[in-house]
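Take a look at the letters that make up each chain.
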Amino acid sequence: MNDVNELKDEDPRALTDTPGGPQPRPQSLLLAFFGGYVLDEGPLYVYSGSIIDVLARAGVGEQAVRSTLTRMVNRGLLQRQRQGRRMYFGLTAEATHVLQDGGNRLWEDSAVNEDWDGIWTLFGFSLPESWQRQRHDLRSRLTWSGFGPLYSGLWIAPGDVDVSGIVSELGLAAHVKIFHARADVATDIDVMIREAWDLESIAARYACFDKRWTPHLGTCSGDPIGTRLRLVSEWLGIIRTDPRLPALHLPPDWPARAAQRTFRDIADRTEAPARRMAAELLQTVSVQPPESSP
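Rules behind the numbers
Residues numbered from 1 in each chain as written. Predicted model: local features only at pLDDT ≥ 70, side-chain atom pairs only at ≥ 80, totals over all residues. Heavy atoms only, no water. Phe/Tyr/Trp six-rings, centres within 6.5 Å; stacked < 30°, edge-to-face > 60°. Helix = DSSP H or I, 4+ residues; strand = E, 2+ residues; numbered from the N terminus. Buried < 20%, exposed > 50% of the residue type's maximum accessible area, 1.4 Å probe, protein only. Pairing = 2+ DSSP bridges. Axes fitted to C-alpha atoms, helices over the stretch in contact; angles between N-to-C directions. Parallel < 35°, antiparallel > 145°, perpendicular 65-115°, else oblique. Left-handed = near helix turned anticlockwise from the far one by under 90°. Contact = heavy atoms within 4.5 Å. Nonpolar A, V, L, I, M, F, W, Y, C, P; charged D, E, K, R; others polar.

Draft legend 1. Seen up close, the packing of aromatic side chains. Per the stated rule, a full pass over the model turns up twelve aromatic pairs. An angle of 45 degrees between the planes, with centres 6.2 Å apart, marks the rings of F33 and Y37 as tilted. Remark: Y37 and F33 occur in helix α2 (residues 26-37); sequence separation between them is four residues, near one turn of the helix. Taken as a pair, F33 and Y37 share a single burial class, namely buried.

Have a look at this one:
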């Protein structure tokens, strides 16, 4: 399961500045590519040359694409299939699951939690000192699921969060305790939130995103598929670090609202032309089911 953790561990702030703004890492763009143009099209393999052509439109060179594809295969995120002299790449079952989860975060969930019911999920754990990798994996998965550290071994998230999958996948059932509860009136929730999460950093990422992408609103210039890959990759990186804290405990001018409007406007505008371009550029083959034994 460490391979999928590496997918979720990828630092969304690991961006390279370019004249047009920060450049997401090639793996982030490849995940946006497979999530946007392969995931819902059935079990497909995509010709590597097609992937290189599309990623070039997002500013990634051929060698970077090839080396990233190889690393993703080695990590169990992609599988490859050779046909003649051509190499094709498709999603593994584990990567499919994670991309579906990411898709829900992108298109279904709001960046602002307006309907919190007052419930918190508390996740307590105590791991042997030597379990450094397990501790890292657990913290990464908890962060992805919206948790913040109340204390070193006690993490908290707004809402009734189902963490059974995390516990099962990491094999930690004997080392954790999980509760769903309301805060007592003696607890200052605003202070608790500021102690468990870095609100300034979360807000700054939203504000920077909005400032960077606002000039793209209402314009039709540029490459739609390259623009959309950069947009989706950067937005997913931001919301991965956002626990969707209750709106009533956030500043009234919380920048996630404006940033989300900007994201969805540009996403809506680029969807159709980017999909048409993908249909023209991508060369795919269907995954053939294994032959049954006689």
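Draft legend 2. Looking closely at the pairing of strand β8 (residues 154-158). Among the five residues in β8, four count as buried, and that is most of the element. Here strand β6 (residues 119-125) pairs with β8 via five bridges, running antiparallel. Bridging across to β8, T121 finds its partner in A157. The hairpin formed by strand β7 (residues 148-151) and β8 contains two residues between the paired strands.

Draft legend 3. Broad picture of the packing of helix α9 (residues 199-213) against helix α10 (residues 224-240). One way to put it is that α9 packs onto α10 with a least axis distance of 10 Å and a crossing angle of 165 degrees. Classified by the interaxial angle, the pair formed by α9 and α10 is roughly antiparallel. For the crossing formed where α9 meets α10, the hand is left-handed. Between α9 and α10, the contacting residues are R205, Y206, F209, R212 and W213 on the first element and T227, R230, L231, E234, W235, I238 and I239 on the second. Classifying every residue of the contact of α9 with α10 by side-chain character gives seven nonpolar, one polar and four charged.

In short, geometric facts, not functional conclusions.
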